[in-house]
Amino acid sequence: MKFLFKLSLVGIVFFTLQSCSSSEPEDEVIIEEQLALSTLDVFSADQESQSVIVTSNLYWYTELNVDWIALSPRFGTGNGAINVTVASNPNFEERTGTITVIGGSYTRNITVTQEAKVDNGGVLDPNKSPAQNFDLSTWKLNTPENNGNGFSKTISVSEINGGYENNNYFYTGSDGGLVFKCPVDGFKTSANTSYTRVELREMLRGTDTSIPTQGVNKNNWVFGSSPASDKTAAAGFDGEMNATLAVNHVTTTGSSGQVGRVVIGQIHANNDEPIRLYYRKLPNNSLGSIYFAHEPRDGFGSEQWYDMIGSRSNSVTNPSDGIALDEKFSYQIKTVNNTLTVTISREGKPNVVEVVDMTNSGFDQSGQYQYFKAGLYQGNNSGSSDDYVQATFYAL
């Protein structure tokens, strides 16, 4: 019995070994990671979009090293396409950025190259959009159109530099100039204003919308006399705006205190306006006046008015040295510390200069920020609904 048991045990072991040795080992399935990207052509200097094709079997995500490139989507799984949009190049030199796509153990880089802005030498092309003739890379636009909520529609920096035009309000004229046209009737920017506008608002952040519009930050500037901490936090300190334009039309209806007036340039602070620069031509005059208001902060004094050419009077006679409709002139608004200097220039005539000491106006205190505005801020809300003001800018 013991012998038979031993034989049986040996047989079982032998059978088991034979069974194991006769089984084929299964191959291990290895999925190879894959992440491949298509290439991009060189972008023009204008705002433009192209697509990158992603070939992958992984979850992937993207990174950027510059703020003028936008991606959509920023991540995905498997095959897909990334829409790559570049903002218009405001510089007269080529620029590059890098898109990084990361998936699994792979990292892929694509270099984005954008051509330099073309220097037109000051020559304005009537066949180009406003942003192609002018550097509008740091401006947004307020219009009298409805934004859907009963207030003024805003055109973003990105939209303007993407070729935005509106034949009713903001467009390139037949001479290449930038035309602003603002009706009496329209939607306002807020409940706190009574007037319409077709006006550019300085946006030093450009297309970097991660920076808030308001505040002492990299979207706005401060006076050079502001606290050092504010000067560090802001995009810069002290400001200068230069513009060349012609006012083409002013309102001819409305109350005697409003008819014919329009704001053509401003510095705006948190809640007040260090300067509002006006052009005004009364209905019976062939020439217009230039004057401005300086509005200190609440509690820092009353509004001050300065006549530069002619008078802001509601009954002024034709100013002998006034500016006619369609006559080109230039203005410069400049601040250095607490000094505001306004200069009006015309070909063949001496400059007209006004200087204001703003030491006691309250704008150099902590938390106060500034930004320029250019275009048309309607000065008449009592005229006919179809009455309007219009100006053409030739430099800004």
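Scroll up a little and you will see the structure.
Cut-offs applied
- Residues numbered from 1 in each chain as written.
- Predicted model: local features only at pLDDT ≥ 70, side-chain atom pairs only at ≥ 80, totals over all residues.
- Heavy atoms only, no water.
- Helix = DSSP H or I, 4+ residues; strand = E, 2+ residues; numbered from the N terminus.
- Contact = heavy atoms within 4.5 Å.
- Areas by Shrake-Rupley, 256 points an atom, 1.4 Å probe, with all protein chains shown as cover.
- Lys, Arg positive; Asp, Glu negative; His and termini not counted.
- Charge placed at Lys NZ, Arg CZ, Asp CG, Glu CD.
- Phe/Tyr/Trp six-rings, centres within 6.5 Å; stacked < 30°, edge-to-face > 60°.
- Buried < 20%, exposed > 50% of the residue type's maximum accessible area, 1.4 Å probe, protein only.
- Lys NZ or Arg CZ within 6 Å of the ring centre and 35° of its normal.
- Salt bridge = Lys/Arg side-chain N within 4 Å of Asp/Glu carboxyl O.
- Polar contact = N/O pair within 3.5 Å; in protein donor to acceptor, adjacent residues only side chain to side chain.
- Pairing = 2+ DSSP bridges.
- Axes fitted to C-alpha atoms, helices over the stretch in contact; angles between N-to-C directions.
- Core = buried A, V, L, I, M, F, W, Y, C linked by side-chain atoms within 4.5 Å.

(A) The overall build of the chain, seen in detail. Helix and strand counts for the chain come out as four helices and 26 strands. Viewed in the frame of its principal axes, the chain has a C-alpha envelope of about 140 × 45 × 40 Å. Put simply, 60% of the contacts in the chain that link residues at least 6 apart link residues at least 24 apart. Working note: accessible area of the chain is about 19,300 Å², and carbon and sulfur atoms make up 48% of it. For the chain, the centre of its 27 positive side-chain charges and the centre of its 43 negative side-chain charges are spaced 5 Å apart.

(B) Fine view of unusual backbone geometry. With an omega dihedral of 0°, the bond running from Ser72 to Pro73 counts as a cis peptide bond. For Pro73, the location among the structural elements is in the loop between β4 (69-72) and β5 (75-77). Backbone geometry at Asp238 places phi at a positive 65°, although glycine is not the residue there. Along the chain, the position of Asp238 falls in the loop between β15 (236-237) and β16 (240-249). A positive phi angle, close to 55°, is found at Asn337, a residue other than glycine. Considering the arrangement of structural elements, one finds Asn337 in the loop between β22 (328-336) and β23 (339-346).

(C) Local environment of the packing of aromatic side chains. Using the criterion set out here, one finds 14 aromatic pairs in the structure. Between Phe180 and Phe393 the ring centres are 5.1 Å apart and the planes differ by 65°, which places this aromatic pair in the edge-to-face class. On the criterion of sequence distance, the pair formed by Phe180 in strand β12 (residues 178-183) and Phe393 in strand β26 (residues 388-395) is long-range, its members being 213 residues apart. Phe393 gets classed as buried once you look at its relative accessible area, which sits at 1%. A connected cluster of aromatic rings, assembled from ring pairs, spans Tyr164, Phe170, Phe180 and Phe393. Above the face of the Tyr388 ring, Lys181 is positioned so that its terminal group lies 4.4 Å from the ring centre.

(D) The pattern of salt bridges, seen in detail. Under the criterion given, the structure shown has seven salt bridges. Across the pair Arg276 and Glu303 runs a salt bridge whose closest N-O atoms are separated by 2.9 Å. Linking Arg276 in strand β18 (residues 275-280) with Glu303 in the loop between β19 (287-294) and β20 (304-309), this pair joins segments that are 27 residues apart in sequence. Its relative accessible area of 8% is what places Arg276 among the buried residues. Residue Lys349 is joined to Asp321 by a salt bridge in which the shortest nitrogen-to-oxygen separation is 3.4 Å. Here Lys349, found in strand β24 (residues 349-357), pairs with Asp321, found in the loop between β20 and β21 (323-324); they are 28 residues apart in sequence, far enough to count as distant. On the basis of relative accessibility, which here comes to 35%, the residue Lys349 falls in the partly exposed class. Looking at Asp321, the relative accessible area reads 37%, which means it is partly exposed.

(E) Quick look at the side chain of Arg280. Inspection of the secondary structure puts Arg280 in strand β18. An unpaired buried charge is present at Arg280: no salt bridge exists, and Asp307, the closest side chain of opposite charge, is 9.2 Å distant. At 2.6 Å, the side chain of Arg280 forms a polar contact with the backbone oxygen of Ser256. A polar contact is formed between the side chain of Arg280 and the side chain of Asn314, at a distance of 2.8 Å.

(F) Region of interest: the sheet that holds β22. Strand order in the open sheet formed by seven strands is β11-β12-β26-β16-β22-β23-β24, and the pairing between neighbours is antiparallel. Where the open sheet ends on each side, the last strands, each with one partner, are β11 (170-172) and β24. Neighbour to neighbour, the strand axes of the sheet diverge by 25° on average, direction disregarded. Bridging between β16 and β26 involves five bridges; their strand directions are antiparallel. For Val247, the partnering residue across the bridge sits in β26 and is Ala391.

(G) Quick peek at the sheet that holds strand β7 (residues 95-103). The four strands lie next to each other as β5-β3-β7-β8, forming an open sheet whose pairing is antiparallel. Lying at the two open borders of the sheet, with one neighbouring strand each, are β5 and β8 (106-114). Across the sheet, the mean angle separating the axes of adjacent strands is 20° when strand polarity is ignored.

(H) Structural view of the environment of Tyr377. Counting through the fold element by element, Tyr377 comes out in strand β25 (residues 371-378). Measuring from C-alpha to C-alpha, the distance between Tyr377 and Leu277 comes to 9.9 Å, with 100 residues separating the pair along the chain. The residues touching Tyr377, leaving out its near neighbours within four places in the chain, are Thr193, Tyr195, Thr196, Arg197, Glu199, Val262, Val263 and Gln266.

(I) Structural view of the environment of Asp321. Separated by 32 residues in the primary sequence, Asp321 and Ser289 place their C-alpha atoms 8.6 Å from one another. Among residues more than four places away in sequence, those in contact with Asp321 are Ile309, Arg346 and Lys349.

(J) Molecular detail of the nonpolar core. Ranked by size, the top nonpolar core spans 54 residues in total, and within it Phe170, Ile264, Ile290 and Tyr331 carry the most contacts. The element contributing the most residues to this core is β16, with five residues. Beyond its immediate chain neighbours, meaning those up to four positions away, Ile264 contacts Leu245, Val247, Leu277, Tyr279, Ile290, Phe329, Tyr331, Ala374, Gly375, Leu376 and Phe393. In this structure, Leu58, Trp60, Trp68 and Leu71 belong to the second largest nonpolar core, which totals 18 residues.

Shape descriptors only; they carry no functional weight alone.
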